[in-house]
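Chain and residue survey
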Amino acid sequence: MRLLTHNMLSSNIKGVANRFPLKIEVVKVVEKEVDFNIDFLKNMFHKVEWKALAEASRTMGYTELPETADATMLDSDDFLHKFHHALLELHLEEGALVCPETGRKFPVNKGIPNMLLHEDEV
Amino acid sequence: MKLKQLESLLGSLEQFSTPKIELEQYPTGAHIASRMLYTAENSFEDVNSKVVADFGCGCGTLGLAAGLLGAESVIGLDIDAESLEIAYANANELELDMDFIQCDIKNLKWRGQIVETVVMNPPFGTRRKGADMDFLSSAMKVASQAVYSLHKTTTREHVKRAALRDYNARSAEVICELRYDVPQLYKFHKKKEVDIAVDLWRFVPQRKQERSL
């Protein structure tokens, strides 16, 4: 699972108010190279929740993203490459996603988060 | 990529080994899948460089078709772990990176407008009434640009009304009518193969500022 996907996933337990972002527990991270697409990144920049992305990437062991970011940074090639790497090339392969409110863990195996709920959570 | 080439690549994908009737698992044929995504890209520019989600992805055919046509990121969602394993293997076979999530589409919670296009071949709602509409409802909340979906032609009026009235569609158009070959997968199928008339729909959601499910 890439951090692009993490940036939209939310805890889906019934009755939970604080759903996003899911915390990440890392067992294994893998990196896969992806072609650099500058227009895509500029478009996505306005849609991602920056704080969640920066924090998630740090949890995954990548510490290059700044705490905050604004659109003027998109002129920097260096910044774009870091954004690209964090958003698309880091994969949580094994670990868990954790509901920020309840602490309920959603396991991630072979890169696939299991977001299925128990009967009493629906 | 040419349509023929797309269809041939999709035709090589592995399909369900033991399909589950309660989930209405029917493989999406290469013929339909290739035309669906080819149209989405070439007539509407809804695929290339986009973030695409495949709802109820099964073995991943539609999502992988999107990947082959240049989607920047593809996410496949399915409730069934076995399907996701096959889809994962299919993605590797085509050397495409696709994210997968195991979840029940009707309980989905996503924030923001990251996903531009949703493609899906939802359950027809024959075994569990309303399953098709649950998918459509979720898809319309997630997609910021377009939803492509297959529904039985017999439900056309119902789908149109629900999309416009209940699911905030700005437009709901049948792009074409297709024949869906349902092979004899299950014991209750009496005929060897049945043709079902299905509509390929394109729904456009209303523009919204910030949405969450």
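Everything here concerns the structure above.
Report on the accompanying structure. (Residues numbered from 1 in each chain as written. Chains lettered and ligands numbered in written order. Predicted model: local features only at pLDDT ≥ 70, side-chain atom pairs only at ≥ 80, totals over all residues. Heavy atoms only, no water.)

1. Description of the overall build of chain A
Scanning chain A for helices and strands turns up four helices and four strands. Compactness check: chain A gives a C-alpha radius of gyration of 15 Å against a globular reference of 14 Å for 122 residues, within 12% of the reference. Its C-alpha atoms give chain A principal-axis dimensions of roughly 50 × 30 × 20 Å. The buried share among the 122 residues of chain A stands at 52%. For chain A, the exposed area adds up to about 5,800 Å²; of that, 48% sits on carbon and sulfur atoms. Of the side chains in chain A, 14 bear a positive and 20 a negative charge, and the two mean positions are spaced by 5 Å. (Helix = DSSP H or I, 4+ residues; strand = E, 2+ residues; numbered from the N terminus. Rg over C-alpha atoms; globule rule 2.2 N^0.38 Å. Buried < 20%, exposed > 50% of the residue type's maximum accessible area, 1.4 Å probe, protein only. Areas by Shrake-Rupley, 256 points an atom, 1.4 Å probe, with all protein chains shown as cover. Lys, Arg positive; Asp, Glu negative; His and termini not counted. Charge placed at Lys NZ, Arg CZ, Asp CG, Glu CD.)

2. So, the side chain of B:Asp46
All names here are of chain B. Examined against the element boundaries, Asp46 turns out to sit in the loop between α2 (30-42) and β1 (51-55). Polar contacts involving the side chain of Asp46 include one to the side chain of Tyr148, which spans 2.5 Å. With sequence-adjacent residues up to four places away left out, Asp46 is seen in contact with Ala40, Glu41, Val52, Thr117, Gln145, Ala146, Tyr148 and Arg202. (Polar contact = N/O pair within 3.5 Å; in protein donor to acceptor, adjacent residues only side chain to side chain. Contact = heavy atoms within 4.5 Å.)

3. Topic: the environment of A:Asp77
Looking at the secondary structure, you find A:Asp77 in helix α4 (residues 77-89). With 39 residues separating them in the primary sequence, A:Asp77 and A:Ile38 have C-alpha atoms 9.2 Å apart.

4. Looking at the packing of aromatic side chains
Under the criterion given, the structure shown has 11 aromatic pairs over all chains. Centroid distance A:Phe79 to A:Phe83: 6.2 Å. Interplanar angle 25°. Geometry classified as stacked. Of this pair, A:Phe79 and A:Phe83 are both found in helix α4, four residues apart, which corresponds to roughly one turn of the helix. As far as burial versus exposure is concerned, A:Phe79 and A:Phe83 are alike and both buried. Plain terms: the ring middles of B:Phe55 and B:Trp110 are 6.3 Å apart, the flat faces sit at 80° to each other, and that makes the pair edge-to-face. Taken as a pair, B:Phe55 in strand β1 and B:Trp110 in the loop between β3 (99-102) and β4 (117-120) lie far apart in primary sequence, 55 residues in all. (Phe/Tyr/Trp six-rings, centres within 6.5 Å; stacked < 30°, edge-to-face > 60°.)

5. Some details on the sheet that holds strand β2 (residues 90-98) of chain A
All names here are of chain A. Spatially, the four strands line up as an open sheet ordered β1-β2-β3-β4, and their pairing is antiparallel. Both outer strands of the open sheet, β1 (23-31) and β4 (112-113), are each paired with one neighbouring strand and no more. By the bridge criterion, eight bridges tie β1 to β2 in an arrangement that is antiparallel. Note on β2: the bridge partner recorded for Ile24 is Leu97. Against the sheet, α4 makes contact with β1 and β2, and its axis sits at roughly 60° relative to β2, the strand it touches most. (Pairing = 2+ DSSP bridges. Axes fitted to C-alpha atoms, helices over the stretch in contact; angles between N-to-C directions.)

6. Details of helix α5 (residues 131-142) of chain B
Residue and element names in this part refer to chain B. The end-to-end C-alpha distance of α5 is 17 Å, a good match for the 16 Å that 12 residues give at a rise of 1.5 Å each. Summarising burial for α5: 10 of the 12 residues are buried, a large majority. Of all the positions in α5, only Ala131, Asp132, Met133, Phe135, Leu136, Ser137, Ser138, Ala139, Met140 and Val142 are classed as buried. (Expected span 1.5 Å × (residues − 1).)

7. Quick notes on the packing of α2(B) against helix α3 (residues 61-68) of chain B
Residues and elements named next belong to chain B. Two elements in contact, α2 and α3, have axes separated by 9 Å at closest approach and are oriented at 45°. With respect to α3, the element α2 is oriented oblique. Helix-helix and strand crossings are classified by hand; for α2 and α3 the assignment is right-handed. Across the interface between the two elements, Ala33, Met36 and Leu37 of α2 pack against Thr61, Leu62, Ala65 and Ala66 of α3. Of the residues that constitute the contact of α2 with α3, the class distribution is six nonpolar, one polar and no charged. (Parallel < 35°, antiparallel > 145°, perpendicular 65-115°, else oblique. Left-handed = near helix turned anticlockwise from the far one by under 90°. Nonpolar A, V, L, I, M, F, W, Y, C, P; charged D, E, K, R; others polar.)

8. Considering helix α4 (residues 81-93) of chain B
When the terminal C-alpha atoms of α4(B) are compared, their 18 Å separation across 13 residues agrees well with the 18 Å that a helix rising 1.5 Å per residue should span. Where α4(B) is buried, its residues touch β4 of chain A together with α3, β2 (73-78) and β3 of chain B. Backbone geometry just downstream of α4(B) places B:Glu95 in the positive-phi region, at approximately 55°.

9. Notes on the environment of B:Met120
Residues and elements named next belong to chain B. Relative to the helices and strands, Met120 is located in strand β4. In this structure Met120 comes out as buried when scored by relative accessible area, which is 0%. Residues Met120 and Tyr26, 94 residues apart in the sequence, show an inter-C-alpha distance of 12 Å. Once you skip the residues sitting within four places of it in the chain, Met120 turns out to touch Met36, Asp54, Phe55, Leu62, Phe135, Leu136, Ala139, Val147, Tyr148, Ser149 and Leu150.

10. Let's talk about the pattern of salt bridges
Across all of its chains, the model carries 17 salt bridges over all chains by this definition. A:Glu49 is the partner of B:Arg111 in a salt bridge, and the nearest nitrogen-oxygen pair spans 3.5 Å. Highlighted residues: B:Arg111 in the loop between β3 and β4 and A:Glu49 in the loop between α2 (38-45) and α3 (50-59), drawn from two different chains. Judged by its relative accessible area of 9%, B:Arg111 is buried. Among the residues examined, A:Glu49 registers a relative accessible area of 38% and is labelled partly exposed. Salt-bridge contacts for B:Glu177 lead to B:Arg156; the nearest nitrogen and oxygen are separated by 3.3 Å. One end of the pair, B:Glu177, is in strand β6 (residues 169-183); the other, B:Arg156, is in helix α6 (residues 156-165), and 21 residues separate them in sequence. (Salt bridge = Lys/Arg side-chain N within 4 Å of Asp/Glu carboxyl O.)

Honestly, that's just the spatial picture; any functional story needs more than this.
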